[in-house]
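# Descriptive structure summary
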Amino acid sequence: MLLTDPSKKISFNRCIRDGDLVIVYERHDSMKAVKVCKNSVLQNRFGVFKHSDWIGKPFGSKVFSNKNGFVYLLTPTPELWTLVLSHRTQILYIADISLVIMYLEIVPGCLVLESGTGSGSLTTSLARAVAPTGHVYTFDFHEQRAASAREDFEKTGISTLVTVGVRDIQGEGFPDEFSGLADSVFLDLPQPWLAIPSAGKMLKQDGILCSFSPCIEQVQRSCETLRSNFTDIRTFEILLRSYDVREWRMDCSKVDEGTSIACPPCKRRQPSGEGSVRDHQSSPAVMARPSAEARGHTGYLTFARLKCIL
Amino acid sequence: MSENKPQSDSIQNPRVTWEGCSVLLDINDGDRLVFARLSAGSTLKFGNKTCSLQPLIGCPFGSLFQVESGKEKPYLSRYIPSTEEGNAQDEGGCQLKEESRDNRAIIDNNQAQCLTGEDIDAMKRQGATGNEIVEALIANSATFEKKTQFSQEKYRLKKQKKYAPKVLLRRPFSRSICEAYFKKYPARIGFLRVDALSLLLSMANVTANSDVLVVDMVGGLLTGAVAERLGGTGSLCNTYPGGTPYPMEIIRMFNFNSEICKRILRCSPKDLCSAQNGTDEQVGQQKDVSTVESQSNEQTSLSVSTEEVHLSSENNVADLVPENELSTVSKTCKAPKAGDKAPKEAIQLWKENGFSSLIIAAPEQDAWSLVKDLLPLLSYSAPFAIYHQYLQPLATCMHNLQLEKMAIGLQISEPWLREYQVLPSRTHPCMQMSGSGGYILSGTRTFTSQS
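Residues numbered from 1 in each chain as written. Chains lettered and ligands numbered in written order. Predicted model: local features only at pLDDT ≥ 70, side-chain atom pairs only at ≥ 80, totals over all residues. Heavy atoms only, no water.

Defined as follows: UniProt positions are given in the numbering used here, feature names are shortened, and annotations may be inferred rather than shown by experiment.
With an unreviewed UniProt entry as reference, chain B is termed tRNA (adenine(58)-N(1))-methyltransferase non-catalytic subunit TRM6, source organism Theobroma cacao. The record in UniProt for chain B states the following under Subcellular location (unreviewed entry): "Nucleus". In the Subunit (unreviewed entry) part of its UniProt record, chain B is described as follows: "Heterotetramer."

As annotated in an unreviewed UniProt entry, chain A is tRNA (adenine(58)-N(1))-methyltransferase from Theobroma cacao. What UniProt states about chain A under its Sequence similarities (unreviewed entry) heading is, verbatim, "Belongs to the class I-like SAM-binding methyltransferase superfamily. TRM61 family." In UniProt, chain A has this text filed under Catalytic activity (unreviewed entry): "adenosine(58) in tRNA + S-adenosyl-L-methionine = N(1)-methyladenosine(58) in tRNA + S-adenosyl-L-homocysteine + H(+)".

## Some points on the pattern of salt bridges
Opposite charge on two side chains allows them to pair when their charged atoms are near. So the rule is basically this: Salt bridge, as applied in this entry: a Lys or Arg side-chain nitrogen positioned within 4 Å of an Asp or Glu carboxyl oxygen. Partly exposed residues are those whose accessible area sits between 20% and 50% of the maximum for their type, while under 20% is buried and over 50% is exposed, using a 1.4 Å probe and protein chains only. Each helix is a run of H or I in the DSSP string that is no shorter than four residues. Each strand is a run of E no shorter than two, and both are numbered from the N terminus.
Following the criterion strictly, the structure yields 25 salt bridges over all chains and no others. Across the salt bridge formed by Arg14(A) and Asp20(A), the nearest N and O atoms sit 3.2 Å from each other. This pair shows no difference in class: Arg14(A) is buried, exactly as Asp20(A) is. For Asp183(A), the salt bridge goes to Lys204(A), with nearest N and O atoms at 3.0 Å. One end of the pair, Asp183(A), is in strand β10 (residues 182–187); the other, Lys204(A), is in strand β11 (residues 203–213), with 21 residues separating them in the sequence. Since its relative accessible area comes to 14%, Lys204(A) is described here as buried. Here the residues in one salt-bridge network are Glu105(A), Asp206(A), Asp232(A), Arg305(A), Asp26(B), Arg170(B) and Arg171(B), joined through shared partners.

## A short note on the interface of chain B and chain A
Heads up, the condition is: Note on definitions: a residue-residue contact is assigned when non-hydrogen atoms from the two residues lie within 4.5 Å. Computed with a 1.4 Å rolling probe, the buried area is the accessible surface lost when two parts are put together, summed over both parts. A 3.5 Å cut-off defines polar contacts: any pair of N or O atoms within that distance qualifies, except that in protein one atom must be a possible hydrogen donor and the other a possible acceptor, and neighbouring residues in sequence count only when both atoms are side-chain atoms. Side-chain classes follow a simple rule in which Ala, Val, Leu, Ile, Met, Phe, Trp, Tyr, Cys and Pro form the nonpolar group, Asp, Glu, Lys and Arg form the charged group, and the remainder, Gly included, forms the polar group.
Taken together, the contacts link 87 residues of chain B with 82 residues of chain A. When the two sides are added together, the surface that chain B and chain A hide from each other amounts to roughly 7,400 Å², 57% of it contributed by carbon and sulfur. In this structure, the connection of chain B to chain A is made through five salt bridges. Two residues, Arg234(A) and Glu419(B), come together in a salt bridge whose shortest N-O distance is 2.9 Å. Where chain B meets chain A, there are 27 residue pairs in polar contact (both at pLDDT 80 or more). Elements represented by at least two residues in the side of chain B that touches chain A include exactly α1 (83–91), α5 (174–184), α6 (194–203), α7 (221–230), α14 (344–353), α16 (392–404), β15 (407–421) and β17 (439–445) of chain B. The residue makeup of the side of chain B that touches chain A, split by class, is 33 nonpolar, 35 polar and 19 charged.

## Observations regarding the confidence of the model for chain A
The criterion, for reference: pLDDT is a residue-level measure of predictor confidence that goes from 0 to 100.
For chain A, mean pLDDT is 89; residues scoring 70 or higher make up 87% of the total. Counted against residues more than four places away or in other chains, residues 259–280 of chain A, with its pLDDT under 50, gives 17 contacts.

## Re the side chain of Glu79(A)
Relative to the elements of secondary structure, Glu79(A) occurs in helix α2 (residues 78–84). A relative accessible area of 15% places Glu79(A) in the buried class. Reaching out from Glu79(A), the side chain makes a polar contact with the side chain of Arg128(A) at a distance of 2.8 Å. Not counting residues within four places of it along the chain, the set of residues in contact with Glu79(A) comprises Ile94(A), Ser125(A), Arg128(A), Ser202(B), Met203(B) and Asn205(B).

Laid out in structure tokens, this is it:
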């Protein structure tokens with residue numbers, strides 16, 4: 001998925017090949033990762049799609065089923081991967097992920113430690129940020145989960161950038177071999193305060209730590225622990241509000257002069273006279289409103305810098 | 001668990017300052033933010049005092065300095081808080097005893113302090129440190145003991161800021177640069193908040209070896225943030241509908257090495273589009289988009305793109321000042337040049353392969369008129385992200401993209417960011433927050449037989 005291999009880089013001339021991982025896009029909320037295999041088929045509510053029809057088409061193409069249903073085939077990106085990966089745990093989504101990468105100041109070449117690995121949603125974005133010369137060492141105490149994560153990183157082509165270890169970071173801390181080498185550490189653990197002292201040892205001077213916790217009590221305890229060796233401790237909550245857009249012909253024929261409240265958008269935009277108001281009312285307008293359903297909470301992100309005492 | 005020894009790239013990611021390095025100085029815990037370039041002659045002003053920045057050269061980022069009055073002139077000295085002191089200060093009364101004191105005995109009659117201004121000046125002449133003055137002020141305050149523990153702490157901090165200002169040496173990263181501008185001059189970066197910037201980079205899948213097409217009307221912040229993620233690989237094409245390059249002076253705040261700088265290229269939309277379908281008509285249309293604003297920028301932006309880039313004023317310090325003052329030339333410090341005109345070969349490659357993503361931050365332009373010309377330059381299946389400070393232009397743009405069937409996965413998102421105060425028994429969201437970080441339209445370009 002990353003561009004470490006130039007032959008896989010997307011371009012006008014890069015077509016789908018046997019063995020590629022593609023994201024099958026039905027709708028923005030309905031996608032699936034599929035490995036292209038020339039003898040295989042994809043079956044969904046739109047019919048049967050032969051993989052052999054896909055090979056040789058550019059990424060981003062619309063492909064049809066036997067029933068003339070269609071899907072789009074996209075190149076995987078960490079954002080799309082987050083939407084299609086199999087949930088073995090609760091995962092981080094784009095808003096939290098983006099802020100974590102930015103606040104941890106991760107750039108190409110960085111060495112980043114993470115625990116736990118979970119479903120590897122954040123790990124994939126961490127790998128993208130440290131590529132091509134950096135590395136992510138991620139740890140989970142759950143052996144099977146670590147193995148599944150390894151398989152996923154193999155599949156998405158980021159395994160050269162990520163090493164998955166099986167280890168109880170809360171209990172044992174990070175391995176000593178990383179002492180003083182980490183640019184950033186990310187913790188998503190039930191009791192992060194247990195791992196904070198070890199994280200402090202791993203970080204370079206002025207290195208940054210982030211802890212993700214759903215509950216404020218966890219944040220409270222983490223911050224108390226952080227105060228002894230860390231500075232610039234800041235806690236955030238980030239959410240995304242999405243908008244529905246539609247074209248709407250405002251019908252104002254029933255409410256003529258005097259009842260301006262009935263149609264405020266039109267009136268406000270065209271204050272210049274009756275005639276133009278009427279014209280505007282009959283022409284369609286594109287409008288946006290916040291989507292009815294939204295995520296209310298994901299977790300708190302606490303960031304802190306290792307105090308610089310050298 | 002690992003075959004090769006873990007290591008990280010310290011050349012690309014230096015953690016110690018050097019002569020000529022750009023730094024962000026955080027004075028008194030964010031009260032004042034100053035960008036400076038370190039040199040033997042650079043100085044920083046505190047009120048009527050001037051300190052040399054020389055002691056900051058060769059120090060690790062993250063080090064803290066305190067202004068000491070000094071017998072002749074004030075100077076910056078490295079300040080290392082002892083662990084115990086740090087605890088007492090930071091915890092803000094972690095072991096908060098049952099507080100029995102309150103403000104019933106505090107009378108605001110301006111007689112609580114027995115030390116006079118002359119007394120303090122005398123202490124300074126005798127070479128008292130800032131901390132000693134603060135202690136003397138506390139000892140001579142008639143009401144200090146009556147204050148609650150919390151307000152005692154507040155008093156101490158207020159006096160410390162005045163008599164012993166602290167300077168934190170920070171690495172200029174897109175994070176700190178964006179935060180600093182958003183705090184002081186949000187209009188200059190189109191009100192692009194740091195979380196919105198981080199989303200743009202994710203949504204456009206910016207990573208090493210990618211070829212990113214950028215429209216940056218936010219002073220170079222976006223260009224710098226993308227270049228930081230490319231880390232000296234791939235390429236960044238900064239294009240400028242309107243015929244005149246936009247200023248990108250903020251790039252000078254980043255400590256980009258020449259490897260990173262030479263990946264930042266400029267190209268007019270005319271040159272990019274010509275081979276696409278070579279009609280002069282299209283080029284003419286783009287000229288129309290040119291705004292009064294970009295015209296007026298001509299002078300500055302030309303000087304930025306043609307001269308060596310400098311960050312300095314007379315004393316090599318820039319307090320987030322407008323670009324004209326910033327670009328005053330200094331003889332001592334040179335930063336590598338970014339934003340060269342794209343060579344023919346680069347343009348040819350972009351045309352053959354298409355860009356791997358597009359990011360637009362043109363908060364005063366119509367999104368759709370930019371997108372309809374630039375989207376065809378992207379590879380199929382390439383993601384794009386468009387920032388705008390207003391919702392409506394993005395709604396219209398999204399609607400048109402749907403009608404023209406140019407893209408899928410279209411979504412308008414607005415980030416919401418809330419910071420918390422976390423203290424024992426006093427945890428709550430911060431009283432002030434930013435009301436809006438802007439809007440982002442994201443999506444993926446599709447392949448159609450017409451395209």
